[in-house]
Structures are given as C-alpha cells and as structure tokens.
Amino acid sequence: MKKAKIIIHKQPAGVLIQLDDGSYSFQYDENYQGAPIALTLPVRSNPYIFKKFPPFFDGLLPEGHQLEGLLKQNKIDRDDYFSQLLAVGADLVGAITVEKIDE
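Residues numbered from 1 in each chain as written. Predicted model: local features only at pLDDT ≥ 70, side-chain atom pairs only at ≥ 80, totals over all residues. Heavy atoms only, no water.

Draft legend 1. The arrangement of the environment of Ser-25 in detail. In this fold, Ser-25 is placed in strand 3 (residues 24-28). Owing to a relative accessible area of 9%, Ser-25 belongs among the buried residues under this scheme. Here the alpha-carbon distance between Ser-25 and Pro-42, two residues 17 residues apart in the chain, equals 14 Å. Excluding residues within four positions of it along the chain, Ser-25 makes contact with Val-15, Leu-16, Ile-17, Leu-19, Pro-47, Tyr-48 and Ile-49. (Helix = DSSP H or I, 4+ residues; strand = E, 2+ residues; numbered from the N terminus. Buried < 20%, exposed > 50% of the residue type's maximum accessible area, 1.4 Å probe, protein only. Contact = heavy atoms within 4.5 Å.)

Below, the structure written as structure tokens:
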C-alpha cells in the first residue's frame, strides 16, 4: 500500500492511498478547513474511492518528453501513476504538493 500526503497552499489537506486491490482512496484530513483541492473533490468527511487512478491526480502528471524522461531517470513503470506522482510531487504546477508517507 502506497500513501501520499496532499498539500495545498502549504497546508496539509488529505491523504491519497493506493490500496492493495489496485484501487485508490483520497480522504481529507478531519481538521482541514480550506478550499477543496479540486472542484470534483469537494471537502467531506467520507473518503473518495476510485477503481483506477483518480482523474484529478492523473492531470498533474507530466506528458510527452517530460514523462519519458521521468520514467527513464527514475526507473518507473509507465503504468505506475502513483510512483510518477510521488516523483514529481514537490514540483507540480499550481498550489498542490505531494509528499510520500513512509510507513
């Protein structure tokens, strides 16, 4: 199981988890009072569950030449979107930052 802290405007917002069955979960921190990280993910107490990599986070990933360089440099599988997100998480466009949570 992989976990990542999702931060917006330097404020922890929630946790993204890749579950053992290949699905994904995003849950806002219970004390989070800020704006939603995306219009498609309004702040709520229940987790969001996704059968495949969540579209909002997929939209943060590089494409084209940048993706090819990321995959080669970090030896990441093309289908491992979670690892790709962790690899670029500190340097995303916009207000979102992603940090790996070590267990």
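Next comes the rest of the description.
Draft legend 2. Just unusual backbone geometry, in detail. You will see that His-9, though not glycine, has its phi angle at about 50°, which is positive. If you trace the backbone, His-9 turns up in the loop between strand 1 (2-8) and strand 2 (11-18). Positive phi values are uncommon outside glycine, yet Lys-10 reaches one of about 65°. By the element assignment, Lys-10 lies in the loop between strand 1 and strand 2. On the basis of relative accessible area, Lys-10 is assigned to the exposed category, the value being 82%.

Draft legend 3. Examining the sheet that holds strand 5 (residues 96-100) more closely. Taken in spatial order, the five strands line up as 4-3-2-1-5 in an open sheet, and their pairing is antiparallel. Since the sheet does not close on itself, it has two edges, and those belong to strand 4 (48-50) and strand 5, each with one partner. Looking at each pair of strands side by side, their axes are set apart by 25° on average, direction ignored. Pairing analysis gives seven bridges linking strand 1 to strand 2, with the strands arranged antiparallel. Following the sheet pairing, Ala-4 is matched in strand 2 by Leu-16. Lying over the sheet, helix 3 (residues 81-88) contacts strand 1, strand 2, strand 3 and strand 5, oriented at roughly 45° with respect to strand 1. (Pairing = 2+ DSSP bridges. Axes fitted to C-alpha atoms, helices over the stretch in contact; angles between N-to-C directions.)

Draft legend 4. Seen up close, the packing of aromatic side chains. Applying the stated criterion across every chain yields a total of eight aromatic pairs. Taken together, a centroid distance of 5.2 Å and an interplanar angle of 85° make the contact between Tyr-24 and Phe-53 edge-to-face. Residue Tyr-24 is found in strand 3, and its partner Phe-53 is found in the loop between strand 4 and helix 1 (55-58); the two are separated by 29 residues along the sequence. Residues Tyr-24 and Phe-53 agree in their burial class; the two are buried. (Phe/Tyr/Trp six-rings, centres within 6.5 Å; stacked < 30°, edge-to-face > 60°.)

Draft legend 5. Seen up close, the pattern of salt bridges. Counting across every chain of the model gives four salt bridges. A salt bridge links Lys-5 to Glu-99; the shortest N-O distance between them is 3.9 Å. Of the two residues, Lys-5 sits in strand 1 while Glu-99 sits in strand 5, which places them 94 residues apart along the sequence. By relative accessible area, which is 31% here, Lys-5 ends up partly exposed. Judged by relative accessible area, Glu-99 falls into the partly exposed class, the value being 36%. The residue Lys-100 makes a salt bridge to Asp-102 at a minimum N-O spacing of 3.8 Å. Exposure class is identical for Lys-100 and Asp-102. Each is exposed. (Salt bridge = Lys/Arg side-chain N within 4 Å of Asp/Glu carboxyl O.)

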